[in-house]
Amino acid sequence: RLEFGQPARRLAITDITWHDGEVLVSGVSNEEFASTLRRIGYPFSGNAGATSIEIWHAVHAEFETRAPIIRQLVHSFDGVPHLIAVYACTPLVRIPLSALTHGAHVRGEMIGELGFGNTPIDMVAYTDPGDGKEYMLVTHNQRNATRVAMSDIGRAAPLPVNVPNVFTQVGIAQFPIPLSGAEHFDMLDASWAVAIRCHPADPRRLDLHTLPLPFFFD
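Residues numbered from 1 in each chain as written. Predicted model: local features only at pLDDT ≥ 70, side-chain atom pairs only at ≥ 80, totals over all residues. Heavy atoms only, no water.

1. Digging into the environment of A145
Relative to the helices and strands, A145 resides in strand β13 (residues 145-149). A relative accessible area of 1% places A145 in the buried class. Through-space distance from the C-alpha of A145 to that of Q174 is 9.9 Å; in sequence the pair is 29 residues apart. Excluding its chain neighbours within four sequence positions, the residues that come into contact with A145 are L137, V138, T139, H140, F175, P176, I177 and L179. (Helix = DSSP H or I, 4+ residues; strand = E, 2+ residues; numbered from the N terminus. Buried < 20%, exposed > 50% of the residue type's maximum accessible area, 1.4 Å probe, protein only. Contact = heavy atoms within 4.5 Å.)

2. Looking at the sheet that holds strand β15 (residues 175-177)
With antiparallel pairing, the 4 strands of this open sheet are ordered in space as β11-β12-β13-β15. Of all strands in the sheet, those with a lone pairing partner are β11 (120-127) and β15, marking the two edges. Mean inter-strand twist for the sheet, computed between neighbouring axes without regard to direction, equals 25°. Note that strand β12 (residues 134-140) and β13 share 4 bridges and pair antiparallel. Looking across to β13, one finds that M136 is bridged to V148. (Pairing = 2+ DSSP bridges. Axes fitted to C-alpha atoms, helices over the stretch in contact; angles between N-to-C directions.)

3. Focus on the environment of D15
Summarising the element assignment, D15 is placed in strand β1 (residues 15-19). Measuring from C-alpha to C-alpha, the distance between D15 and I69 comes to 7.5 Å, with 54 residues separating the pair along the chain. Residue contacts for D15: discarding those within four places in its chain leaves L24, V25, S26, I70, R71 and Q72. Only 2.9 Å separates the side chain of D15 from the backbone nitrogen of Q72, close enough to count as a polar contact. (Polar contact = N/O pair within 3.5 Å; in protein donor to acceptor, adjacent residues only side chain to side chain.)

Here's what the structure looks like:
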């Protein structure tokens, strides 16, 4: 989990994703454009590339090159794979995977702000068994989880840049899910998710909860 003020070396790897024969590794480097995504072919044969990524951060009202991706996944829109990434404090960004080539410097499209003063913990994709639609769910350390429709991610317009600081949830349509206090969260199958939580009476005790879709109630 990201903690502000921690040494940069602890952010060398922030997330790892498998997609279509590649391992996608996000984190920071010691280069000028520190936020980096590496694409590593598998089986490991030395075939790897690195892309530096810049984003507009609405809370800070500036373009940033040091803020790393915290959580990521790959999803295709109209047959075109995109990297969907969420940063600390908490921009939601969309980048065509084809743009992430070795040596390139890419400016990701910020399509939403999920709530400042907050860090994402986990991000998963799932299909709602009730309506059959695809969604993305992001859990946070300071607020309830956020649900976003995948179809909205594909068609959302980028947020404006070079504007004053934005301290609210803006951009893409967001639906709050009453899922808080999860140290980690993942999908178990098409009907159930699992969450690790600290026990409210004893923070040294971790409990494993099974949560049914689509609202993830205990």
